[in-house]
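Reading the structure
Given next are the chains, with one letter for each unit.
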Amino acid sequence: MEYGIKELFGIAAVVLAIANYLPYLIGSFTGKVTPHIFTWSLWFILTSVAFYAQLTSGGGIGAYATGTTAFIILLITISSLRSGFKYVRPLDWFALVGAVASILLCIITNDPFWSIILISIIHSLCFLPTFRKGYAKPRDESATAFILTILKYGCAIIALGAYSVETVLFPATIMTTSLLFISMIYYRRAKTKRR
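Anyway, here's the lowdown on the structure attached to this text. (Residues numbered from 1 in each chain as written. Predicted model: local features only at pLDDT ≥ 70, side-chain atom pairs only at ≥ 80, totals over all residues. Heavy atoms only, no water.)

Between its terminal C-alpha atoms helix α2 (residues 37-56) stretches 29 Å, which fits the 28 Å expected from 20 residues at 1.5 Å a residue. Those residues of α2 that sit buried are Ile-37, Phe-38, Thr-39, Trp-40, Leu-42, Trp-43, Leu-46, Thr-47, Ala-50, Ala-53 and Gln-54. Gly-58 occupies a position one or two residues after α2 and carries a positive phi of about 85 degrees. (Helix = DSSP H or I, 4+ residues; strand = E, 2+ residues; numbered from the N terminus. Expected span 1.5 Å × (residues − 1). Buried < 20%, exposed > 50% of the residue type's maximum accessible area, 1.4 Å probe, protein only.)

Below you can see the structure in the form of C-alpha cells.
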C-alpha cells in the first residue's frame, strides 16, 4: 500500500499523540506527576468536540491525532481523580465556570466555525490552573509531554485534508499555549535551582 505525504504525517501525528501522553499518563498513575482535575477533564470534553468539528469540516486523517489525544486525556482525567483536587484554588473555579458556560454556547450555536473558536478560547482558559500549578511546582510537570504536543499537532496540521479555521485553529492554539508553558517551566526550574 502506498501512502501519500498527508497520510504519513497523519500516522506520525497519531504515533506522536500516543508517545506524547504516555509518559504523562504513566507518571499520573504512579504519582510522579499530579494532573489538575479541572484542566484535564475539561480538556477531554473540548478535545472530543474539536475532533468532531475537524471530522465534519473535512479534516480527514489529520483529525485522528485529536481523536487519539481525546482518548488518552480521558485516561489522564481518570488518574487525576486520586489527587487532582488538592491543587484546586478559587481561580480554578472561575476557569471551570467560564469553560462550562462557553461549552453551553458551543452546543447552542451548533456551528463548527463558532464552536472551534469558543473551544480554542476555553482550552486556553482551562490551561490556567495547570499553568498556575506549574509555576508554583515546575518539577511536577512533564515538559517532554508538551514538547511532543507541539510536534504532534505540527504533523497533524500538515496532514489535514482541508485547511480552515475549523480544522487549524484548535491545534494551533494548543501549540502556542504549550510553547508558553514549556518556556515558563524551564524558566521557573532555572530560577528555583539558583535559589
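Don't stop here, the text continues.
If you trace the backbone, Lys-133 turns up in helix α5 (residues 112-136). On the basis of relative accessibility, which here comes to 2%, the residue Lys-133 falls in the buried class. Considering only alpha carbons, one finds Lys-133 and Arg-89, 44 residues apart in sequence, at a separation of 9.9 Å.

Of note, Asp-140 is situated in the loop between α5 and α6 (143-159). With 108 residues separating them along the chain, Asp-140 and Lys-32 place their C-alpha atoms 7.2 Å apart.

One way to put it is that helix α1 (residues 5-30) packs onto α6 with a least axis distance of 8 Å and a crossing angle of 160 degrees. Compared by their axis directions, α1 and α6 come out roughly antiparallel. Regarding α1 and α6, the two cross each other, and that crossing is left-handed. Contacts from Lys-6, Phe-9, Gly-10, Ala-12, Ala-13, Leu-16, Ala-17, Ala-19, Asn-20, Tyr-21 and Tyr-24 in α1 reach Ala-145, Phe-146, Leu-148, Thr-149, Leu-151, Lys-152, Cys-155, Ala-156, Ile-158 and Ala-159 in α6. (Axes fitted to C-alpha atoms, helices over the stretch in contact; angles between N-to-C directions. Parallel < 35°, antiparallel > 145°, perpendicular 65-115°, else oblique. Left-handed = near helix turned anticlockwise from the far one by under 90°. Contact = heavy atoms within 4.5 Å.)

Here the focus is the packing of aromatic side chains. Summed over all chains, the structure comprises 6 aromatic pairs. The cationic tip of Arg-188 hangs over the ring face of Tyr-135; the distance from NZ or CZ to the ring centre is 4.0 Å. (Phe/Tyr/Trp six-rings, centres within 6.5 Å; stacked < 30°, edge-to-face > 60°. Lys NZ or Arg CZ within 6 Å of the ring centre and 35° of its normal.)

Moving on, we come to the side chain of Thr-173. Relative to the elements of secondary structure, Thr-173 occurs in helix α7 (residues 165-194). Apart from residues no more than four positions distant in its own chain, Thr-173 is found in contact with Ser-120 and Ser-124.

On to the packing of α2 against helix α3 (residues 64-80). Contact geometry for α2 and α3: axes closest at 8 Å, N-to-C directions at 160 degrees. Comparing the axis directions of α2 and α3 gives the class roughly antiparallel. By crossing handedness, the relation of α2 to α3 is classed as left-handed. Of α3, the residues touching α2 (which contributes Ile-37, Trp-40, Ser-41, Trp-43, Phe-44, Thr-47, Ser-48, Ala-50, Phe-51, Gln-54 and Leu-55) are Tyr-64, Thr-66, Gly-67, Thr-69, Ala-70, Ile-73, Leu-74, Ile-76, Thr-77 and Ser-80. Looking at the contact of α2 with α3 residue by residue, the classes come out as 12 nonpolar, 9 polar and no charged. (Nonpolar A, V, L, I, M, F, W, Y, C, P; charged D, E, K, R; others polar.)

Glancing now at a nonpolar patch on the surface. On the surface, a nonpolar cluster with roughly 480 Å² of combined accessible area is contributed by Phe-29, Phe-71, Leu-74, Ile-78 and Leu-81. With 3 residues, the top contributor of residues to the nonpolar patch is α3. (Patch = residues over 30% accessible without salt bridge, like charges linked within 9 Å, V, L, I, M, F, W, Y side chains within 5 Å. Areas by Shrake-Rupley, 256 points an atom, 1.4 Å probe, with all protein chains shown as cover. Salt bridge = Lys/Arg side-chain N within 4 Å of Asp/Glu carboxyl O.)

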